[in-house]
Amino acid sequence: MPSFETGSPETLAFLRKRRSHPSVTMTDPGPDDTQLQDILTIAARVPDHGKLAPWRFILFRADKEGKRIGEWLAAHYERKTGPLDADQRDKELTRFTRAPVVIGVVSTATDHPKIPLWEQQLSAGAVCMNLVTAAAASGFASQWLTEWVSFDMEAARFLGARDGERFAGFVHIGTPTQPPFERPRPNLSDLITNWTETD
């Protein structure tokens, strides 16, 4: 007889308390190569209509690329918006050095004769959520961010997006320096309705 998993109370308990950590509160160490491979393997286990894998990963490491990326982003942002004050400049310079590892999740969704574009984009969002959860379950702090760099075509191209691609987000992963704070959660009674037929 086949054996089926009947449930995991430990997983449910973990999901009930999972929280994102602000990337500015992260420090070393981040996941090593073996841990990162496992986290990404889990991240890729998502609903994917047609088995298209309409997403890919770009890895950024603070100690290697972070400083150079920050310098480019600060200069680009200044070209777009005018002179930056000290706080804004520091924010751009450190955008990819807050956490030891940042994983860019790129949506590669394209027109398909059977698979709607929206379904492909939702699959990329599911990858981001799996990535955050897998990182947290591996003992790391994690946060899924988009910010302006996801939506600026020049910045996205500099960060590795190809023509027709866009970033679903950047998942920052590191070691927490403080407990995460709990935020207000939606009232489920405001979000749930039972279907009734309408004319």
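Look above for the structure.
What this report covers is the structure whose coordinates are included nearby. (Residues numbered from 1 in each chain as written. Predicted model: local features only at pLDDT ≥ 70, side-chain atom pairs only at ≥ 80, totals over all residues. Heavy atoms only, no water.)

1. Observations concerning the overall build of the protein
Stated precisely, the cut-off is as follows: Going along the chain from the N terminus, every DSSP run of H or I of four or more residues is numbered as a helix, and every run of E of two or more is numbered as a strand. Contacts were defined at the residue level, with two residues in contact if any of their heavy atoms lie within 4.5 Å. Per-residue and other accessible areas were derived by the Shrake-Rupley procedure at a 1.4 Å probe size, with only the shown protein chains allowed to occlude residues. Counted as positive: Lys and Arg. Counted as negative: Asp and Glu. His and the chain ends are not counted at all. Working definition for charges: the position is that of NZ of Lys, CZ of Arg, CG of Asp or CD of Glu.
Helix and strand counts for the protein come out as six helices and five strands. What you see in the protein, going N to C, is helices and strands ordered as α-β-α-β-α-α-β-α-β-α-β. Judged by the C-alpha coordinates and their principal axes, the protein covers about 60 × 45 × 40 Å. Taking as baseline every contact in the protein between residues at least 6 positions apart, the subset at least 24 positions apart corresponds to 78%. Summed over its atoms, the accessible surface of the protein is roughly 12600 Å², and 54% of this surface lies on carbon and sulfur atoms. Within the protein, the 26 negative side-chain charges are centred at a point lying 2 Å from the centre of the 23 positive side-chain charges.

2. A word on the side chain of Arg-98
Heads up, the condition is: Only protein chains enter the accessibility calculation, which uses a 1.4 Å probe; a residue is then buried when its area is under 20% of its type maximum, exposed when over 50%, and partly exposed in between. Definition of a polar contact: a pair of N or O atoms within 3.5 Å, with one able to donate and the other able to accept a hydrogen when the atoms are protein atoms, and with sequence-neighbouring residues admitted only if both atoms are side-chain atoms.
Note that Arg-98 resides in the loop between helix H4 (86–93) and strand E3 (101–107). By relative accessible area, Arg-98 is classed as buried at 13%. A polar contact of 3.4 Å, which involves the side chain of Arg-98, links it to the side chain of Ser-23. With residues up to four places along the chain from it excluded, the contact list for Arg-98 reads Ser-23, Val-24, Met-26, Lys-91, Leu-145 and Glu-147.

3. Side note on the nonpolar core
Generally speaking, soluble globular proteins have nonpolar side chains that are buried together. Rules: Note on terminology: a nonpolar core comprises buried Ala, Val, Leu, Ile, Met, Phe, Trp, Tyr and Cys residues joined through side-chain atoms within 4.5 Å.
In terms of nonpolar packing, the biggest core is built from 20 residues, with Ile-39, Ile-103, Val-105, Val-127, Leu-131 and Ile-173 touching the most fellow members. Of all the secondary-structure elements, those providing two or more residues to this core are helix H2 (33–43), E3, helix H5 (117–137) and strand E5 (166–176). Broken down by element, this core gets its largest block of residues, seven residues, from H5. When sequence neighbours within four positions are dropped, the list of residues in contact with Ile-39 reads Pro-31, Leu-131, Ala-134, Ala-135, Ser-138 and Phe-140. Counting 18 residues, the second largest nonpolar core, distinct from the first, contains Phe-60, Trp-72, Val-106 and Phe-170.

4. Re the pattern of salt bridges
For clarity, the cut-off: Put simply, a salt bridge is a Lys or Arg side-chain nitrogen that is within 4 Å of an Asp or Glu carboxyl oxygen.
According to the stated counting rule, one finds nine salt bridges in the structure shown. A salt bridge links Glu-92 to Arg-95; the shortest N-O distance between them is 2.8 Å. Residue classification places Glu-92 among the buried residues on the basis of a relative accessible area of 0%. Its relative accessible area of 2% is what places Arg-95 among the buried residues. Salt-bridge contacts for Arg-98 lead to Glu-147; the nearest nitrogen and oxygen are separated by 3.8 Å. Of the two residues, Arg-98 sits in the loop between H4 and E3 while Glu-147 sits in the loop between strand E4 (141–145) and helix H6 (153–158), which places them 49 residues apart along the sequence.

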